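Observations on chain architecture
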Amino acid sequence: MQEEGIDLPAINALAQTTDGYLWLGTGTGLIRFDGMRFTRWEPRAGEKWPDDEVRYLLASPDGALWIRTMNTISRFVRGRLERYPEADSWLNGRNRAIAEDHAGTLWLVRASDPPEVGALLRNGTFRVYGRTDGLPERSIQNIFEDRSDNLWLSTDREICRWSPGRPAECRAFPRVGTLSIAGGAAADLLLGDDLEPMVRAMGDPSLTPKCAARDRDGNIWIGTLGQGLLRSKSGKLDRFTRLDGLSSDSVLALFEDRERDLWVVTARGLDRFRDPQVLRVSTVDGLSSDQVTAVQGTRDGSAWVGTLGGGLNLVNGNRAARYQLSSLLPSANILSLFEDTSQRLWIGTTDGFGYCLKNRFIQIRSPDGSPLTHVFAITSDPGGAIWVADGKLGLFVLRSGVAQPFSLPGMRATGMYQVESLSDGALWIGYYDGGVAVVHHGTVRNFTTRDGLADGPIWDLAEDRSGTVWVGARDALSRYRNGVWTTWDTTHGVPDGGVWGIIEDNQDTLWFMTSRGLARLSLEALNQSPDGAPRKLQFTLYGQSDGIRLAANPRMTNPRSSRSSDGRLWISTDDGVAIVDASLIRRNPLPPPVVVEEIVVDGKPLDLSSGAELPFRGRQVHITYTGLSLLVPERVRFRYKFEGLDHDETDAGTRRNVDYVNLPPGHYRFRVTACNNDGVWSPTGATLAFRIEPYFYQTKWFAGLCILGLALIAWGIHRLRVRMIMTRYEATVQERVRLTRELHDSLLQGFVGVVYQLEAAARQFECAPELGKQRLERAIEQADRALAEARQAMLAMRLPALEKSTLPEALSATAGGLTEGTDIDFHLDVRGRVRQLPYDAQANIFLIGREAIVNSVNHAHATTILAGLTYSEKHVRLTVQDDGAGFDLETVKAKHDHWGMAGMRERAVQIGATFSVCSSLGQGTKVEVVVPCKH
């Protein structure tokens, strides 16, 4: 047997733990099954399998799994494997049987003479009992505890009740040593009242019993070596062999799970027995063809079954027989069936339409004598008249043995696909191209999608007991009640492909044929949806696992489903006819246990065995979960909520995993619940708590450091801004001081002299007019000089020469303007690569150079002025040298530097430059300023 890519080896044992997993003990280890996937279980890192061949498995009520190999005993609990070396040493490879009692003590039997029994207590203590403790004399084959907490031992000839320290009470039992029996169910078999099948099986020399079990319905199952599986039910002994579908006639182990499925281990694999929810009748049971087109239930509990190419069949019970008049039918391809109130069977075929009467087929024709070859639906009204819908010719009513055409104004004649007469006498007609027409009291009313009817072909029409009309269409399911249409589509749970068959059973339940299978819905729940306001559908789906294999698409035949007088439902399929007895369908009341199997972070699985909150760092989180319902695992549905991220639960359908990417750091709890095939939800589900640890850049420390860093940057920018403002303010103050000094030395001092001359002229104006006139002329000359010096000071406040020129160009242009009209020869020597300097440095160098040239022109009486501008990597050097009269530095200092030397020196200090003046009387003057490279 192969499942999910795993080749199952020979299976020795089965057990189901309390979490719902089915465990398979094999010759190569342990395999876990959740109903959908077989997974080979491996011990955790650091743990090692003691022995690959698992001989026996025992599930403990506390959720643990006892594993018996040939040489060892192990206990698997919460993902960990516990070993018991003392018990292993005592067994010494002769392990024969184990059993757990009500107190949690594990009892072990080994092959020995004299007999011995070991007891492994819950606290891990190991004890050995022998003959002195009351054991029987013969070698012990098995040990088990009954429902009354009595401990029993079996030998090859007898069965004994025993408690440590008391002699065993034994009684003879035939061939008990041949049974591999363990647990309370086996004790019930051996000690119960119904021993006849057991005695017969062990007393029959042709049978070799291997295992036995009693299911919860009271049936006794006995597995044999080579003779198949026996079942004792109500005193009747049945046998199942390979001819009945058993994978092998050698049965090695039996196990009934929590949902009452019986698992059978054979020499060839693993089989599952369950009570069929649906009975299927096919060609194996005598049906002429498995391609069933139409079914019609009868009043005696049987059903007529029409087929494609196989004619007509009558199914009674679970056996089918071809109808003896099939050879008289116009065609073996049945399109429609209908049984009227007089139990007369009407048949539509691809070559004609008629009815059966006294071993004859009476064909009905149209008034012109032509046969009706496209009769897709037949019905009768309350008055007994037969109505026929022919897809090509339209609607007919039978009168005097002739099919008479019927039409009314507003009624479409072609494309009729369904016809159904309701209890109020109205005739409903469904069309293949969509829409419904209702004929009542000689009038026609048409319904379309504009009225709320489902779109697409009308596959079926049905009326329930309350008089509500149900319409199955290609895209949806519609209900007509109280004059209002209510339509359910795929957004409300209707499977893709719509509904192509509707039938009501005797349990107030509607059954719908869909592309996914046969859907069962509670009529009460459906009626709770208000008119015009559909609610989401909750239904149970029956498919291939239940013996129903519906066609992928509906055929243009009717009826596809029907109910017989005994309440059974007959469903047409591509694999025979399915028979549903709603009263025998057993609801599964057990919600599935839910387990979070794995969490993988960035491709690395984490250990879930601790059960505590898991801390980790990562970007991609993959969570795998499952719901443990082995009955119909493909119908298990899930809902989950990611607390800390999701506001509402997410309906995951049948998906069993979920992915999250780039979750922010924090505490999270993943909670998942599941429901079984009948919609019973687990009350609590499973939870997984974990904590995503932040990376350093996601911590509060990092945020604090970032805030501190930003604050420091802001503070630094603020300090730099303040420093710039202070520097500009100091420059402004210095410039004001310089301008004050310039104006004081030029304009103010000049006008002081002018005022002095004017005062003297005023005093001499009358007594010495000539002398006053001379003083007035000198005042005017002095005022002119003061004005000229004022203009020169104002010019020094603007630097237009630097706005569009380099420093050498500005110095040359300024010197040319100052020496124009004079005999002074000016020359500028530029060395190095000329580059743009910061404005404050360039402006101050220019002003120092201009001041030096002005001084040479106005005061030195020079004939030649040589200027040098040198650019190097370390500094920028400016020199201005003339051949004028020169001056005494000490004398100039004593006169408070009237020529502006102090101003040039202040500008040099402002830009961090070195300033020097070299001059003496008769030797000319040299001014030098050196600006370091930091500017």
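Each value, and the rule that gives it
- Residues numbered from 1 in each chain as written.
- Predicted model: local features only at pLDDT ≥ 70, side-chain atom pairs only at ≥ 80, totals over all residues.
- Heavy atoms only, no water.
- Salt bridge = Lys/Arg side-chain N within 4 Å of Asp/Glu carboxyl O.
- Buried < 20%, exposed > 50% of the residue type's maximum accessible area, 1.4 Å probe, protein only.
- Helix = DSSP H or I, 4+ residues; strand = E, 2+ residues; numbered from the N terminus.
- Pairing = 2+ DSSP bridges.
- Axes fitted to C-alpha atoms, helices over the stretch in contact; angles between N-to-C directions.
- Arc of directions from axis to C-beta.
- Patch = residues over 30% accessible without salt bridge, like charges linked within 9 Å, V, L, I, M, F, W, Y side chains within 5 Å.
- Areas by Shrake-Rupley, 256 points an atom, 1.4 Å probe, with all protein chains shown as cover.
- pLDDT = per-residue confidence, 0-100.
- Contact = heavy atoms within 4.5 Å.
- Parallel < 35°, antiparallel > 145°, perpendicular 65-115°, else oblique.
- Left-handed = near helix turned anticlockwise from the far one by under 90°.
- Nonpolar A, V, L, I, M, F, W, Y, C, P; charged D, E, K, R; others polar.
- Polar contact = N/O pair within 3.5 Å; in protein donor to acceptor, adjacent residues only side chain to side chain.
- Disulfide = S-S within 2.5 Å.

Okay, the pattern of salt bridges next. Using the criterion set out here, one finds 34 salt bridges in the structure. Across the salt bridge formed by K236 and D238, the nearest N and O atoms sit 4.0 Å from each other. Judged by its relative accessible area of 53%, K236 falls in the exposed class. Given the relative accessible area of 18%, D238 is considered buried. Note that R671 and E649 form a salt bridge whose closest N and O atoms lie 3.5 Å from each other. In this pair, R671 is assigned in strand β61 (residues 666-675) and E649 in the loop between β58 (637-643) and β59 (650-653), connecting sequence segments 22 residues apart. Among the residues examined, R671 registers a relative accessible area of 23% and is labelled partly exposed. It is possible to trace a salt-bridge network through shared partners that takes in R32, D34, R37, E597 and R656.

Attention now goes to the sheet that holds strand β3 (residues 11-16). One open sheet holds the four strands; their spatial order is β3-β4-β5-β6, and the pairing between them is antiparallel. In the strand order of this sheet, the two ends are held by β3 and β6 (38-41), each with one partner. Sheet twist, expressed as the mean angle between neighbouring strand axes with direction ignored, is 25°. Sheet topology note: the strand β4 (residues 22-26)/strand β5 (residues 29-33) ladder contains five bridges and is antiparallel. The partner of L24 across the bridge, within β5, is I31.

Here we come to helix α10 (residues 901-910). For α10, the full list of buried residues reads M901, G903, M904, R907 and A908. Along the axis of α10, the buried positions cluster into a sector of 165°, meaning they face one direction only.

On the surface, F696, W701, L705, L708 and L712 cluster together into a nonpolar patch covering about 630 Å² of accessible area. Along the chain, L712 turns up in helix α5 (residues 700-764). On the basis of relative accessibility, which here comes to 53%, the residue L712 falls in the exposed class.

This brings us to the confidence of the model for the protein. Predicted coordinates in regions of low pLDDT should not be interpreted in detail. Overall, the predicted model of the protein reaches an average pLDDT of 84, with 90% of residues at or above 70. When pLDDT is averaged over each element of the protein, strand β40 (residues 427-431) comes out on top at 95 and strand β1 (residues 2-3) at the bottom at 35. Confidence over residues 191-195 falls short of pLDDT 50; this stretch has ten contacts with residues more than four positions distant or in other chains.

Time to look at the packing of helix α8 (residues 839-858) against α10. Helix-helix packing is characterised by the crossing angle of the two axes and by the distance between the axes. Packing of α8 against α10 brings their axes to within 9 Å, and their N-to-C directions diverge by 165°. What the angle tells us is that α8 and α10 run roughly antiparallel. In this structure, the crossing between α8 and α10 has a hand that is left-handed. Contacts between α8 and α10 pair N844, L847, I848, E851, A852 and N855 from the former with M901, M904, R907, A908 and Q910 from the latter. A breakdown of the residues in the contact of α8 with α10 according to their chemical character gives six nonpolar, three polar and two charged.

This paragraph deals with the pairing of strand β25 (residues 269-273). Most of β25 sits inside the fold, with four of its five residues counted as buried. Relative to β25, strand β24 (residues 262-266) is paired through five bridges, and the arrangement is antiparallel. Its bridge partner lying in β25, L262 is registered against F273. From the end of β24 to the start of β25, which pair antiparallel, there are two residues.

On to unusual backbone geometry. Residue D113 is joined to P114 through a cis peptide bond whose omega torsion reads 5°. Following the sequence through the fold, P114 ends up in the loop between β12 (106-110) and β13 (116-120). For the bond running from N558 to P559, omega is -10°, close enough to zero to count as cis. At N662, a residue that is not glycine, the phi angle is positive and equals roughly 55°. With respect to the element layout, N662 can be found in the loop between β60 (657-661) and β61. Of note, H861 is a non-glycine position whose phi angle comes to about 50°, a positive value. Here H861 lies in the loop between α8 and β64 (864-871).

Before going further, it helps to spend a moment on the sheet that holds strand β27 (residues 292-297). Ordered in space as β27-β28-β29-β30, the four strands form an open sheet in which the pairing is antiparallel. If you trace the sheet from one side to the other, it starts and ends with β27 and β30 (319-322), each paired once. Each adjacent strand pair in this sheet contributes to an overall mean axis angle of 25°, direction not counted.

A word on the side chain of T266. Relative to the helices and strands, T266 resides in strand β24. A polar atom in the side chain of T266 sits 2.6 Å from the side chain of S247. Those residues in contact with T266, other than ones at most four positions away along the chain, are L246, S247, S248, S250, V251, L252 and D271.

Following the criterion strictly, the structure yields one disulfide and no others. Disulfide partner of C160: C170, at an S-S distance of 1.9 Å. Between C160 and C170, the disulfide has an S-S torsion of 110° and is therefore right-handed. Of this pair, C160 sits in strand β17 (residues 158-161) while C170 sits in strand β18 (residues 169-172), and the two are ten residues apart along the sequence. Overall, the relative accessible area of 36% leaves C170 in the partly exposed class.

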